Structures are given as structure tokens and as C-alpha cells.
Amino acid sequence: MNDKQPISRSFVIPVLDFSPHSPFNIRTLLEDLKDVPGEVICIFNSHEVFEALADHPRIDKFSYNNLNAGVSRSWNLGLNMAEGQTVFVMNADIHIGRPAVEQMDYYLTTLDQAAMVGPQGGVVDYRELRDIIYYDKGKIESPIKCYSISGFLFAVHRERFQSHGLAFDVRYSPCFFEEWDMGLQIMQAGLACYVVPVIDYDHHWGVSANRGEQKVVYFGRELNRDQILLENREKFKRKWHPLLEKAQHSEQPVRQSKARDLHSREIPDSGWNRLEAFIHKVQNQSYAEKLTQTHSDVTQTMLPQIIDRYTIPREGKILDVGCGQGPALSWLLDHGYQPVGITINSEDLKVCREKGFEVYAMDQSFLDLPDASFDLLWVRHCIEHSIFPFFTLSEFFRVLKPGAVLYLEVPLPDTVCRHETNGNHYSVLTSGMWMSLLERTGFFHITRADITVPIPMGTDTYWAFICRKPPLIGMERIISEGFCEKAA
């Protein structure tokens, strides 16, 4: 490399072996980078590979560790040696094309406050320690701000990293949880991670995808892969959970105080009394939801798809809002779940309890349930009975756990069925209006499915809106408002 030319990019490659699990290895990666501008820095973690490649013409710098020093140390070493403004960190077992490099470089330098970008990453529920959304290769069309970037290939903004004192925590060595930890560090610094739509690469998962008794040799010691995972999980919890709990509690009194002020200042007692009377009048107009083949068929089609797509665990808490006479409750119980139903209709309540279902008399707009307590809300043909669907959605949002799922199915307006003329249908809205209300409530990743059903007059269509409550609600807002202290 010509030393007089400025270095715009650095490629950091930790190398442990010749990647026997993959068709790609350090040799093929160096060939990929042969004509791509940027310095190549290899962090050798074994004597064998160092001896074979130390004199390779495409390697500009290297560091040699005679033992495996782990992922975090290797990344930090490479970042400290790098001179490029954009620093790519990549596993030796990937194949990458020049377009991927150029695209990642572009996104990193143009996206707002981007500290790290990569082609794969996720949205994390940091309380339950699980990915609740993972953006895989080819699954996005534009950059998406996320909570962590997968470590096999990413790029960092060196100046932003250095000016904010960011470094990978070596306590997670040799592997696991270092990406989630860095995501929190980046958000705490007021910066951002982005998954970007890059596809010109290939990668075969190694130790992170394996299970069981696989051994990892670290600093000359043979460690069990799953034991490392468990120990690092506890390290992560000790480091971050107290901070997150403190941030969550800090904002609670403010919200309560504002609510009390609005209650006493803006709405007179007579107004509350009239509203209560009107709500009781509407509740008394409910009717029993007899079982029908059409609605049972839709439930048995859509419910398993949602359970599977969003990986709702057997121990997860599921609330069936407006449960009728229990088609969804029956399916869930038959498949090992323990759902809860609510209804305001006395006949439906009686029928469900006779069947042995756990069902309560409760209005969908006034859920007498704890905050953040459900993994899935199943809401079929219920919210159109709400006189104030925006408020009702806010109740759904409240009782869902961070990252949990809402399934909301509604009838269409202006069809041959004329759903808007039903005596207690008060909110038969357009698709755009439902989407807008869901977004204003705070839901994200909203998708719509069109469900066509047979009726005597031909066919009818329902809309199913599927969306999530964001994980760790307000995590970025918590950080930006200064509730977080610097992590240890």
C-alpha cells in the first residue's frame, strides 16, 4: 500500500483457523478484498494460521496472539490499529463482494448518528434477553434502526467510536453477548445502529449457531460452549438490568402526575358522569357471539400462523379480547397454551366458564390487568364495538409486554355486508385510519392481511393488522432524556 495515500477504509479480520465448517476462509476472503480499496488488518489467534499467512501481500498490518484471545479483544485490537474512517469487522469465513463494502460505507457515513451498520441484526427484549425481531439477509428494503448488529460482518464509524469511548467489553470473551452490550453502549452514547439492505455476501454460521457440548479453546483452556453462554448471560444482566430498571422507574411518576392534573383540570365531574352513563348504555347493547363455521375456520387458520411466525412460547401469556364462546381459547388449550379471555356479554361468559375456560367479565377499553403482562393479544371482531378505538388501542398497548404482538382483525366498511350499519358497530374504519391509529398508539412493524370469507351473498373480506409493541419502550428516549448514568 502507498503510505502517502490517505486510508479511507480498514478491514479487521480476526483469524482463528481455516474455517473447516465453511466453504469460505481467510484465503478466499483476502482474494475477495484483492481489488477493494482499504487496509487489511489480520488479528491472528493461532500460530498455524499466522505462519501460513503472515507474508500474504494483501495483509497490511497484523497482530499475533499465540492463543485465542476471544472475539471482543480481537475486535478492539483491530479497531485500535485501524486508520480508516470506516472500519469493517468481518469473520474470516465470509465471502463478500465490493458492492456490499461500498454500500455499507455509504450508509455508515450518511445515516443519522450511525455508529455501526451491518446486513443483519435485531431488536432485542433486554429484560427477557431474546431477539424478538431479527432482520435476516434480504428481508429489508431500506435501513432500519435496531438494537444490535450481528458480529460476523459490521462496519463502525471510527471517529464516533473513539470520541465516545466505545469499546467491546472483554468480560464477554471468548464469545456471546458482546453485540447486545455494544448496542446498549451505542444507544447510551446517543448514537445508533442500523441494519442496512446489503446482500452481496455469504456466511455460514459457526459456534454461535451450534448447541450442546461443543468446546471452545480460549487462552489455552477448553471451555463448554453452552456454559460460556450461560455465564455471559449473567454478566450481561448484572451490568445492564439495574440501569434499565432505574431508567424505567424514573419516568413513571411524571406520567402519573400529568394524568392526575388533566383529570382534575380539564374534565368536570359532570362530564365524567355522563361519559360513564354512556359507556354503560353501549355495554348493554352487546350480543352473544355464537360459534359459526366461518369464524372458527378463520381462527384455526390465522392463530397457528401468528403463534408460529412470532414464536409465542408455551409459557407465554395470551389474552383473547372479546373471546365470544371460545374458538380461540379452545384451540390454544388444545395446543398446550394457558390463555385468558375477556367479554362483556353475560351469555358468552357463562358458556365459556361452563367449558372450563378462564374468562373474565371485562370491557376491552378498561382492562383491569397489569401493565406489560401479555405476549399476545388476540382481538377478532371486537374493537369495532369500541366508541373510542384510539383509547382502546392504548389499553392493548399498555397490557402488552415490550416486544409483544397484537393481532387485530376488523370488518371492512362499505361492503355488501354493510358492517357499519350493525347496531353496535361504532368504529368500522378505513384501512388507512386503522394504520394511523396503530402508529399513533406506538405500535410498529404493522402489516395487513386480507382475509376473504364465504357468505350467502358471495364473499366478504376482513382486515387483520399484525404489529408489535416496541421492546423496552422508550429505550432511546430514556437515553436521550438523560435518565441513564454511564455504565460500569
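Residues numbered from 1 in each chain as written. Predicted model: local features only at pLDDT ≥ 70, side-chain atom pairs only at ≥ 80, totals over all residues. Heavy atoms only, no water.

1. Description of the sheet that holds strand β20 (residues 400-411)
Then comes step 1: Taken together, the seven strands give an open sheet; going across it, the order is β18-β17-β16-β19-β20-β22-β21, and neighbouring strands pair in mixed fashion. Edge positions in the sheet fall to β18 (359-361) and β21 (444-455), since each of these pairs with one other strand and no more. Between one strand axis and the next, the sheet turns by 20° as a mean value, whatever way the strands run.
Then comes step 2: Pairing of β20 with strand β22 (residues 458-468), which is carried by seven bridges, proceeds in the antiparallel orientation. Among the inter-strand pairings, V405 is bridged to a residue of β22, identified as R468.
Then comes step 3: The strands touched by helix α10 (residues 327-334) are β16 (318-321), β17 (340-343), β18 and β19 (374-380); relative to β16, the strand with the most contacts, the crossing angle is about 160°.
Then comes step 4: Helix-sheet contacts for helix α11 (residues 346-354) involve β17 and β18, and the interaxial angle to β18 is about 155°. (Pairing = 2+ DSSP bridges. Helix = DSSP H or I, 4+ residues; strand = E, 2+ residues; numbered from the N terminus. Axes fitted to C-alpha atoms, helices over the stretch in contact; angles between N-to-C directions. Contact = heavy atoms within 4.5 Å.)

2. Concerning the packing of aromatic side chains
Then comes step 1: Counted by the stated rule, this structure contains 21 aromatic pairs.
Then comes step 2: Each ring, one from W75 and one from F168, has its centre 4.7 Å from the other, and the planes form 65°; the classification is edge-to-face. Placement of the pair is W75 in helix α3 (residues 71-81) and F168 in the loop between α5 (158-163) and α6 (178-188), with a sequence separation of 93 residues. Of the two residues, W75 and F168, neither departs from the other in class, the shared state being buried.
Then comes step 3: Measuring from centroid to centroid gives 5.7 Å for F366 and F391, while their planes differ by 50°, and the two rings are tilted. A residue pair is termed long-range when its members are at least 10 positions apart, and F366 in the loop between β18 and β19 and F391 in helix α12 (residues 389-399) qualify at 25 residues.
Then comes step 4: By relative accessible area, F366 is classed as partly exposed at 37%. (Phe/Tyr/Trp six-rings, centres within 6.5 Å; stacked < 30°, edge-to-face > 60°. Buried < 20%, exposed > 50% of the residue type's maximum accessible area, 1.4 Å probe, protein only.)

3. Here's the deal with the confidence of the model for the chain
Detail in the predicted coordinates should be disregarded across regions flagged by low pLDDT.
Then comes step 1: Confidence in the prediction for the chain averages 87 pLDDT; 89% of positions are at 70 or higher.
Then comes step 2: Per-residue pLDDT stays below 50 along residues 250-264; that stretch engages in seven contacts with residues further than four places along the chain or on separate chains.
Then comes step 3: Note that residues 473-488 has pLDDT below 50 and, in this model, 37 contacts with residues that lie over four places away or in other chains. (pLDDT = per-residue confidence, 0-100.)

4. Topic: the pairing of β16
Then comes step 1: Side chains I318 and D320 project from β16 onto one buried face, and the interleaved L319 and V321 project onto a second face that is buried too.
Then comes step 2: Pairing analysis gives four bridges linking β16 to β19, with the strands arranged parallel. Within β19, the residue paired with D320 across the bridge is W378.
Then comes step 3: What joins β16 to β17 is α10, and the crossover it makes is right-handed. (Right-handed = clockwise from strand over helix to strand, strands pointing away.)

5. A short note on the pattern of salt bridges
Then comes step 1: For the structure on display, the rule yields 17 salt bridges.
Then comes step 2: Among the ionic pairs, E39 bridges to K61, the shortest N-O distance being 3.0 Å. Highlighted residues: E39 in strand β2 (residues 39-44) and K61 in strand β3 (residues 61-64), separated in sequence by 22 residues. Residues E39 and K61 agree in their burial class; the two are buried.
Then comes step 3: Residue R448 is joined to D450 by a salt bridge in which the shortest nitrogen-to-oxygen separation is 2.9 Å. (Salt bridge = Lys/Arg side-chain N within 4 Å of Asp/Glu carboxyl O.)

6. Topic: empty space enclosed by the protein
Then comes step 1: Applying the stated rule across the entire model yields one cavity of 30 Å³ or more.
Then comes step 2: The volume enclosed by the largest cavity comes to roughly 60 Å³.
Then comes step 3: In terms of residue count, β20 provides more of the lining of the largest cavity than any other element does, three residues in total.
Then comes step 4: Of the residues belonging to the lining of the largest cavity, the class tally is five nonpolar, two polar and three charged. (1 Å grid on protein atoms, 1.4 Å probe; cavity = no way out; pocket = protein on both sides within 12 Å on 5 of 7 lines; lining within 4 Å. Points joined across faces, edges and corners; volume = space filled by probe spheres on them. Nonpolar A, V, L, I, M, F, W, Y, C, P; charged D, E, K, R; others polar.)

7. Observations regarding the sheet that holds strand β9 (residues 144-146)
Then comes step 1: Strand order in the open sheet formed by eight strands is β3-β2-β1-β4-β11-β6-β12-β9, with mixed pairing between adjacent strands. Unpaired on one side and paired on the other, β3 and β9 mark the two borders of the sheet. Each neighbouring strand pair of the sheet contributes to a mean axis angle of 25°, computed without reference to strand direction.
Then comes step 2: Looking at chain direction, β2 and β3 are connected through four bridges and run parallel.

8. Some details on unusual backbone geometry
Then comes step 1: Omega for the peptide link from S173 to P174 comes to 10°, which places this bond in the cis form.
Then comes step 2: In this structure, P174 sits in the loop between α5 and α6.
Then comes step 3: Not every positive phi belongs to a glycine, and H381 is a case in point at roughly 50°.
Then comes step 4: The residue H381 is located in the loop between β19 and α12 in this model.

9. Quick word on the nonpolar core
Then comes step 1: In this structure, I13, I26, L33, M90, I96 and V117 are the most contacted members of the largest nonpolar core, which totals 37 residues.
Then comes step 2: Top contributing element to this core by residue count: helix α4 (residues 98-110), with five residues.
Then comes step 3: Excluding residues that lie within four positions of it along the chain, I26 makes contacts with I13, V15, F18, C42, V49, L53 and A92.
Then comes step 4: Counting 30 residues, the second-largest nonpolar core is a separate cluster that includes I383, F397, A404 and V410. (Core = buried A, V, L, I, M, F, W, Y, C linked by side-chain atoms within 4.5 Å.)

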